[in-house]
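Chain residues, written in single-letter form:
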Amino acid sequence: MEFSILADSFSKMESTRKRLELTQFLVELFEKTPHEVISKIVYLIQGKLRPDFEGVELGVAEKLAMRAISKSSGIPIKKIEDEYRKGGDLGHAASIILEQKTQTTFLVEDITIERVYETLFKIAKLEGVRSQDMKIKYISSLLNDASPLEASFILKILLGTLRLGIAENTVMDALAIAFSGNKENRKILEYAYNVSSDLGKVAETIAIKGIKEIEKFEIILFNPIRPMLADRVKSEDEAIEKMGDNFAAEYKLDGERVQIHIEGEKVELFSRSLEKISNYYPDIIENIPKIIQADNVILEAEAVAINENTGEFLPFQELMHRRRKYKIEKAVTQYPITVNFFDVLYYNGKSCLEVDYKNRRDRLEKIVKEDNFAKYIPMTIVKNKNEIEDFFENSINAGSEGLMLKMLDKPYKAGSRGSHWLKLKREYQNELGDSLDLVIIGGFFGKGRRTGSYGTLLLATYDEDYDTFTSICKVGTGFSDENLDQLYQILHPKVTIKKNPRINSEMEADVWFEPELVIEVVASEITISPIHKAAKDKIRKGAGLALRFPKFTGKIRMEKTSEDASTNEEVITLYKGQKKVAHDKNLI
Ligand code: AMP
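None of the values given here were measured: they were computed from a predicted structure.

Here we come to the domain arrangement of the protein. Each assigned domain of the protein is listed here: domain 1 (48-159), domain 2 (229-429) and domain 3 (436-587). The C-alpha centroid of domain 2 is placed 44 Å from the C-alpha centroid of domain 1.

Attention now moves to empty space enclosed by the protein. The full count for this structure, using the stated rule, is six cavities of 30 Å³ or more. In this model, the largest cavity occupies a volume close to 390 Å³. Lys252, Arg257, Arg272, Glu302 and Met404 are the residues nearest the centre of the largest cavity, which is lined by 25 residues in total. Elements with a minimum of two residues in the lining of the largest cavity: β1 (229-232), β2 (247-252), β3 (256-263), β10 (402-407) and β11 (417-425). Across the lining of the largest cavity, the residue classes tally to nine nonpolar, one polar and 15 charged.

The environment of the ligand is formed by 16 residues, the closest being Glu250, Arg272, Glu302, Lys406 and Lys423. One nitrogen or oxygen atom from the main chain of Tyr251 is found 3.0 Å from a nitrogen atom belonging to the ligand. Between Glu302 and the ligand, the recorded distance is 2.6 Å, taken from a side-chain N or O atom to an oxygen atom. If the ligand stood free it would expose 500 Å²; the protein chains cover 96% of that surface. The cavity where the ligand resides is the largest cavity. Listing elements by their share of the shell around the ligand, those giving two or more residues are β2, β10 and β11.

The mixed open sheet is built from five strands, whose spatial order is β1-β11-β10-β2-β9. Edge strands, defined here as strands with exactly one partner in the open sheet, are β1 and β9 (379-382). Direction aside, neighbouring strands of the sheet carry axes that sit 40° apart on average. Relative to β10, β2 runs antiparallel, the two being bridged by six bridges. When the sheet's bridge partners are listed, Ala249 is paired in β10 with Leu405. Its contacts with the sheet place helix α17 (residues 357-367) against β2, β9, β10 and β11, and it is angled at close to 55° to β2. Contacting β2, β9, β10 and β11, helix α18 (residues 385-397) crosses the sheet at an angle of about 135° to β10.

Analysis parameters
Residues numbered from 1 in each chain as written. Predicted model: local features only at pLDDT ≥ 70, side-chain atom pairs only at ≥ 80, totals over all residues. Heavy atoms only, no water. Domains from an automatic or database assignment. 1 Å grid on protein atoms, 1.4 Å probe; cavity = no way out; pocket = protein on both sides within 12 Å on 5 of 7 lines; lining within 4 Å. Points joined across faces, edges and corners; volume = space filled by probe spheres on them. Helix = DSSP H or I, 4+ residues; strand = E, 2+ residues; numbered from the N terminus. Nonpolar A, V, L, I, M, F, W, Y, C, P; charged D, E, K, R; others polar. Near = heavy atom within 4 Å. Polar contact = N/O pair within 3.5 Å; in protein donor to acceptor, adjacent residues only side chain to side chain. Areas by Shrake-Rupley, 256 points an atom, 1.4 Å probe, with all protein chains shown as cover. Sits in = over half its atoms within 2 Å of the grid points. Pairing = 2+ DSSP bridges. Axes fitted to C-alpha atoms, helices over the stretch in contact; angles between N-to-C directions. Contact = heavy atoms within 4.5 Å.

Below, the structure is given as structure tokens:
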């Protein structure tokens, strides 16, 4: 398939922010695509080459891309740099440069999607001393044969700056329409995606084999399953209202969620956002298979940093010391952990997702033999408010965040947040001091001591209905100098020229970011806002909700993707809860 078809589609997609239009462009593209290339197109649309869990990263630096453009066009790097500075987008700059190309190429080979994809794949796999030169050679050979528009998209993919604003849900809508003629079939696709975490594979299956095969999708060992998530509740009473009078309560530990896949000696670990994180936990890889009684299994656990002397749980932040490429052995001894198991998703060749919680927990306790390193998350069955309160107290005293409450007779709902699991955290109980996980969408340059950093950030909730990020507040307090430095380092590469189409904000920022990084904030109150877009029209027509006196808690939630951020539904629940508390106290 010619790459020009994809480049034309990308160019149309870049010009709109409307989800329906994007879906329509995707449907048209999928209908033109030969079935054997569809998975490649789906990965490329997401700016990837393979699903996240395979860890295939392009990682081409701007300097190297400029050298390749220069090699292909014969135009000096200095001139390319000037063009780049004018617009701030190297892909676009390359298309202008290539229009003025001084070198002519005679033997032009066709640029097909297959060729671009394979070349990008080779580039991603290159390592070692000569890899830089080889990368330049591969990139310039593509640019030689590419039209200016094609070149601009090849470079955007290479540099990781392709920003079409297309969410997974939109891709699934379009696949359902293009290959089954019915958008409602999205639900079936979602299940397949939830158990495989591989949208390219889902696309290829529906295109080649049809929707019937999608219904048969099964778990594959070493492909992560999208995790089940919990709704939040503010009080024991609310939990009882939602769950009845017989459910499980588990400690909610403050660590990193790890999905552990084991078959014989082979072990891989995946994070909550489905990345392979085996390298950070050599101690899990080494110790866990020894105590597992199963031929093959997928388990879920919370890895928690501990104080070696007292055995006390330490906060999540301690684990970030393990996020390093080198000298990991040293970090393992300096920051010891325990692995606290709470679920089993697959056991001896069979899915356990349909098994109810009670039976999964029983099975888990047969599979894992506890020792000093491996534990089950403490659990008890609760029947009334007193029992929840007692267990909550114990959990806080042990250094955990609160409780996870789980219905006994419910299956594991991969990839979804719902009321079969509820979380009850300590801070939710104090009336207005709730914490929220919000996405950073914009920044304002700092003044005075904060010059050279983003002194204030614009934050958003996740709007599940429209798959967008809706502004909810500006936050400028709670940052230490170290936080500001760290945030600048992480955010600077995420700056975009145009606001990402998934951002919904009327408030203008000095700079816009890719909506990717999540931080935790607390606030004194949730108020009606004429400016902010969170939960717009839900409480009052024409108005949204905003946080009053928001403050950064110091926690950068690296383990969360932006779709894991607090949703508008959650904010509405908090807003209503806060009104209820005020009412009960006769304040209103
Ligand atoms: P939150 O990050 O506040 O949305 O809470 C969900 C996270 O709590 C999960 O992704 C897990 O990392 C963590 N967690 C801690 N204890 C448990 C537990 N007992 N069951 C499930 N998840 C837990």
